[in-house]
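Residues per chain are reported as follows:
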Amino acid sequence: DPRRGVATIDTANTQGVAAHFSEAPAHQLSVLGLRSGNDFGALMAVSLDDRPLAQSKRVLLQYATRSRPTGWRDQPATLTLPGGAQRPGREVVSIGQPPWRVEQPLLQVSLRNTALRRATALDMNGLPVAEVPLRRRADGVHLRFPPGTMYLVLR
């Protein structure tokens, strides 16, 4: 939906949303639901055992937020498109420098899957870091993405 700045994928084994959440904070796909407080982000849920997400016993959740180098600056600009049409946009004034600044996830997730019992946060190498509280309900599971986390495995 280019008007709202939202792209979704909704298949049996993979579901996800990439969006400008300030315009559309909540989304419900066939199995995956989410509400984000980030301005922009992308969430993907993937079955790791070749079962549909609704029955999978191992699901990977990945959430990416805005990340930019320290000192990144942009400003409003008028962009001229091929053919001469003009549109409002942004111009990069400074590309910044290391370290990169990654916005913390402000995300609540639900999966309509009653087989899942645990959630584990992974580090950037895919290694387990900590257990994450998982609320089980009649329709499936609900969780809040923890700060500093990009990957979770539900099982």
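Details of the structure are given in the entry above.
Scoring rules and cut-offs
- Residues numbered from 1 in each chain as written.
- Predicted model: local features only at pLDDT ≥ 70, side-chain atom pairs only at ≥ 80, totals over all residues.
- Heavy atoms only, no water.
- Helix = DSSP H or I, 4+ residues; strand = E, 2+ residues; numbered from the N terminus.
- Buried < 20%, exposed > 50% of the residue type's maximum accessible area, 1.4 Å probe, protein only.
- Contact = heavy atoms within 4.5 Å.
- Areas by Shrake-Rupley, 256 points an atom, 1.4 Å probe, with all protein chains shown as cover.
- Lys, Arg positive; Asp, Glu negative; His and termini not counted.
- Charge placed at Lys NZ, Arg CZ, Asp CG, Glu CD.
- Pairing = 2+ DSSP bridges.
- Axes fitted to C-alpha atoms, helices over the stretch in contact; angles between N-to-C directions.
- Salt bridge = Lys/Arg side-chain N within 4 Å of Asp/Glu carboxyl O.

Q: Help me out: how do you make sense of the overall build of the chain in this one?
A: Scanning the chain for helices and strands turns up 0 helices and 16 strands. Taking all 155 residues of the chain together, the buried fraction comes to 33%. A separation of at least 24 residues holds for 52% of the contacts in the chain among residues at least 6 apart in sequence. Working note: accessible area of the chain is about 9,200 Å², and carbon and sulfur atoms make up 53% of it. Taken together, the 20 basic and 12 acidic charged side chains of the chain have centroids lying 5 Å from each other.

Q: Help me out: how do you make sense of the sheet that holds strand β12 (residues 119–122) in this one?
A: In a beta sheet, neighbouring strands pair by backbone hydrogen bonds and run either parallel or antiparallel. Read from one edge to the other, the open sheet built from 7 strands follows the order β1-β2-β5-β6-β16-β12-β13, with strand pairing classed as antiparallel. Lying at the two open borders of the sheet, with one neighbouring strand each, are β1 (6–10) and β13 (128–132). Taken over all neighbouring pairs, the strand axes of this sheet differ in orientation by 15° on average, direction set aside.

Q: Explanation requested: the sheet that holds strand β11 (residues 107–111) in the structure shown.
A: Spatial ordering of the open sheet is given by β3-β4-β11-β15-β14, a layout of 5 strands whose pairing is antiparallel. Two strands lie at the open edges of the sheet, namely β3 (26–28) and β14 (135–137), each paired on one side alone. Direction aside, the axes of adjacent strands within the sheet are offset by 15° on average.

Q: Would you mind showing me how to read the pattern of salt bridges here?
A: Oppositely charged side chains may form a pair once their charged atoms are brought near each other. For the coordinates displayed, the defined rule picks out 7 salt bridges. Ionic pairing is found between Asp1 and Arg4, a salt bridge with its closest N-O pair at 3.3 Å. Put simply, Asp1, Arg3 and Arg4 are held in one network by salt bridges that share partners.

Take it as geometry only, folks, not as evidence of what the structure does.
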